Amino acid sequence: MRLKAKIVLGTSVFLLAAVALCCIMFLCFTREQLEEKAVETALSEYQNVWNKFYGWMSLPEDPLIERSFLKQRMSSIANTSEYTLYANGDYLINNCGFAPDPYLDASADASEELYTYALMRFEGTSYLIVGKRAEVYPTEISICLVRSLSELDSSMNALTNKSIAIGAAVSVLSLALTYLFCTLSLKGVKKLSDGANALATGQMHTRIDIRQTDEIGALAKDFNLMADAIERNMDALCEQNERKQQFINDLSHEMKTPVTSLLINSETMALRTVSMEDMRRMANRIHEQAQWIERLSQKLMQLVLLQSDVDRSPVPAADLFDAVRETVLDSLNRSFVTLKTEAHGETYSIDFDLFRSALVNLIENAIKASEPNSTVELIANEDRITVRDHGRGIPKAEIERITEPFYMVDRSRSKKLGGSGLGLALVKEIVRAHGATLSIESEEHVGTSMTILFQTANDNIKETTR
């Protein structure tokens, strides 16, 4: 059952019950007031009749004369169509069609000055009975006023019909207004439902335009905030998927060259007769390409593993620089480049192996960009570590992209020197995992500075040297 139907149905039940209860209470109160007025009038009339009948009365001794005397006296005082006269166990006057005395208070003593009355129904007609017993020695006399309340019943029936008609009209009008109010109030719910369905079908731009200031308006505002968050997350996921797809495409492209070279050289060695010199050349080529694939796979593995947090511990910059120097020593000697290190007792909270890998990548790139007999500098200074070369430099348009996976400024030269385009991407991930940032400053034909800047005091611990 829909919410509007529930509200209208529930309101209808309570409204009809309230209207019915009000009508019943009104009719009961009205009847009670009319009955009280009728009783008050009847008691006044009865008292007047009783006083006239009973005052200064003495009865004849002969029973027959007594009966005639009582009937004549009663007939001269009151309308015998409404009054009954009971004496010595018999009704001398009774035109109402039933014996009224049993309906009166049987406990009323004849010697007491009591008027008793009762409301009763007989054969579908309401009656008001007022009576009193008295003893005129030796005769016990009872006079009753029996008044039909049929006019009161008719008035109440007419009033009941009017109340039903008015109550029905009020109920119908109230239900119509309730339905209209619910329709207008729940209009926002329909918009929310349509918006949710649209959002579920992928229409991420869907927003709810509700300007109400009630709970529905607040819900619409929350819905729009949720839709904004979902759209941002979806955009981020789409961007991430695009980057992953580009990553896969670039990886496939990069792997294609060494794999093709391996296949060609291996097929040539297996299927053709070649000289020992050519055999040695092809074997060296296979070895170089295999080493390149191994380096590429290791860097890719590191790049994936760096998506999680790293364990850090205090590492002296001097120890880190010594390990880096030892790692790049062969590259330095082969390229005739000098590495100059400078540390002043700094200690950094880092993962030793990962950070060594990052600095090795930066220095390898600096060596590739440098001319023979030039110098590459590795400097620790307070909250930063800088790798500086004096080589070719990087075009300004390329600086923002060089940390993207597989991106290379000069692809032909990078491949010739064994590059994969993953080095700076790996460095960026290592730096990010340590809560630091990588800053790049470069000028063509002047040189490049790569600076790792630690953001918090815990990332850099300054040691006092003596």
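Every value quoted in this text rests on a predicted model; they were computed, and no experiment measured them.

Notes on helix H8 (residues 352-369)
- Its 18 residues give H8 an end-to-end C-alpha distance of 26 Å, which sits within 8% of 26 Å, the value for a rise of 1.5 Å per residue.
- Of all the positions in H8, only Leu354, Phe355, Ser357, Ala358, Leu359, Val360, Asn361, Leu362, Ile363, Ala366, Ile367 and Ala369 are classed as buried.

Concerning unusual backbone geometry
- In this structure, Asn373 takes a positive phi of about 70 degrees despite not being glycine.
- In this structure, Asn373 sits in the loop between H8 and strand E9 (375-381).
- Positioned with a positive phi, His445 is a non-glycine residue whose angle comes to about 65 degrees.
- Relative to the elements of secondary structure, His445 occurs in the loop between strand E11 (436-443) and strand E12 (447-454).
- We classify His445 as exposed; its relative accessible area is 71%.

Quick word on the sheet that holds E11
- Spatially, the five strands line up as an open sheet ordered E7-E9-E10-E12-E11, and their pairing is mixed. Because the sheet does not close on itself, it has two edges, and the strands there are strand E7 (338-342) and E11. Ignoring strand direction, the axes of neighbouring strands in this sheet form an average angle of 10 degrees.
- In this structure, E9 lies alongside strand E10 (residues 384-389), joined through five bridges in antiparallel fashion. Each bridged residue has a counterpart across the sheet, and for Glu377 the counterpart in E10 is Arg388.
- Together, E7, E9 and E10 form the strand contacts of helix H7 (residues 317-335), whose direction differs from that of E7 by roughly 175 degrees.
- The strands that H8 touches are E7, E9, E10 and E12; relative to E10, the one it contacts most, it runs at about 20 degrees.

A look at the confidence of the model for the protein
- Within the protein, residue pLDDT values average 80, and 83% of them lie at 70 or more.
- Mean pLDDT per element in the protein: helix H10 (residues 411-416) is the minimum at 43, and E7 is the maximum at 95.
- Note that residues 106-112 has pLDDT below 50 and, in this model, eight contacts with residues that lie over four places away or in other chains.
- Predicted confidence for residues 409-421 stays below pLDDT 50, and this span has 32 contacts to residues more than four positions away or in other chains.

Remarks on the pattern of salt bridges
- Using the criterion set out here, one finds 12 salt bridges in the structure.
- Put simply, Arg31 and Asp153 hold a salt bridge, and the shortest N to O gap is 2.8 Å. With Arg31 in helix H1 (residues 3-54) and Asp153 in helix H3 (residues 150-185), this pair connects stretches of sequence that are 122 residues apart.
- Judged by its relative accessible area of 23%, Arg31 is partly exposed.
- Accessibility expressed as a relative area gives 12% for Asp153, which makes it buried.
- Note that Arg432 is salt-bridged to Glu429, the shortest N-O span being 3.1 Å. With Arg432 and Glu429 both in helix H11 (residues 423-433), this residue pair falls three residues apart, about one helical turn.
- Where salt bridges share partners, they join Arg31, Glu35, Arg121 and Asp153 into one cluster.

Details of a nonpolar patch on the surface
- On the surface, a nonpolar cluster with roughly 210 Å² of combined accessible area is contributed by Leu3, Ile7 and Val189.
- Within the fold, Val189 resides in helix H4 (residues 187-200).

Looking at the pairing of strand E2 (residues 90-93)
- Where strand E1 (residues 83-87) meets E2, three bridges bridge the pair, whose relative direction is antiparallel. Bridge assignment links Tyr86 to a residue of E2, and that residue is Tyr91.
- Linking E1 to E2, which pair antiparallel, is a turn of two residues; within it Asn88 sits at a positive phi near 50 degrees.

Some words on the packing of H1 against H3
- Closest axis-to-axis distance for the H1/H3 pair is 9 Å, and the angle between their directions is 160 degrees. Between H1 and H3, the interaxial angle falls into the category roughly antiparallel. Note that H1 runs across H3; the crossing there is right-handed.
- Classifying every residue of the contact of H1 with H3 gives 15 nonpolar, 10 polar and four charged.

Some thoughts on the pairing of strand E8 (residues 346-350)
- For E8, the tally of buried residues reaches five of five residues, placing the bulk of the element in the interior.
- Neither face of E8 is left uncovered, since the one carrying Glu346, Tyr348 and Ile350 and the one carrying Thr347 and Ser349 both have all their residues buried.
- Judged from the four bridges that link them, strand E6 (residues 313-316) and E8 form a sheet pairing that is antiparallel. Residue pairing across strands places Pro316 opposite Thr347, the latter belonging to E8.

Re the nonpolar core
- Among the nonpolar cores identified, the biggest contains 38 residues, and Phe355, Leu359, Leu378 and Ile385 are the most heavily contacted of them.
- Counting only elements with at least two residues in this core, the list comes to H7, E8, H8, E9, E10, H11, E11 and E12.
- Counting residues per element, this core draws most heavily on H8, which supplies nine residues.
- Aside from chain neighbours lying at most four places away, what touches Leu378 is Phe321, Val324, Leu339, Lys340, Thr341, Glu342, Leu359, Ile363, Ile385, Thr386 and Val387.
- Grouped together as the second largest cluster of nonpolar side chains are 25 residues, Ala42, Met74, Ala134 and Ile141 included.

The rules we used
Residues numbered from 1 in each chain as written. Predicted model: local features only at pLDDT ≥ 70, side-chain atom pairs only at ≥ 80, totals over all residues. Heavy atoms only, no water. Helix = DSSP H or I, 4+ residues; strand = E, 2+ residues; numbered from the N terminus. Expected span 1.5 Å × (residues − 1). Buried < 20%, exposed > 50% of the residue type's maximum accessible area, 1.4 Å probe, protein only. Pairing = 2+ DSSP bridges. Axes fitted to C-alpha atoms, helices over the stretch in contact; angles between N-to-C directions. Contact = heavy atoms within 4.5 Å. pLDDT = per-residue confidence, 0-100. Salt bridge = Lys/Arg side-chain N within 4 Å of Asp/Glu carboxyl O. Patch = residues over 30% accessible without salt bridge, like charges linked within 9 Å, V, L, I, M, F, W, Y side chains within 5 Å. Areas by Shrake-Rupley, 256 points an atom, 1.4 Å probe, with all protein chains shown as cover. Parallel < 35°, antiparallel > 145°, perpendicular 65-115°, else oblique. Left-handed = near helix turned anticlockwise from the far one by under 90°. Nonpolar A, V, L, I, M, F, W, Y, C, P; charged D, E, K, R; others polar. Core = buried A, V, L, I, M, F, W, Y, C linked by side-chain atoms within 4.5 Å.

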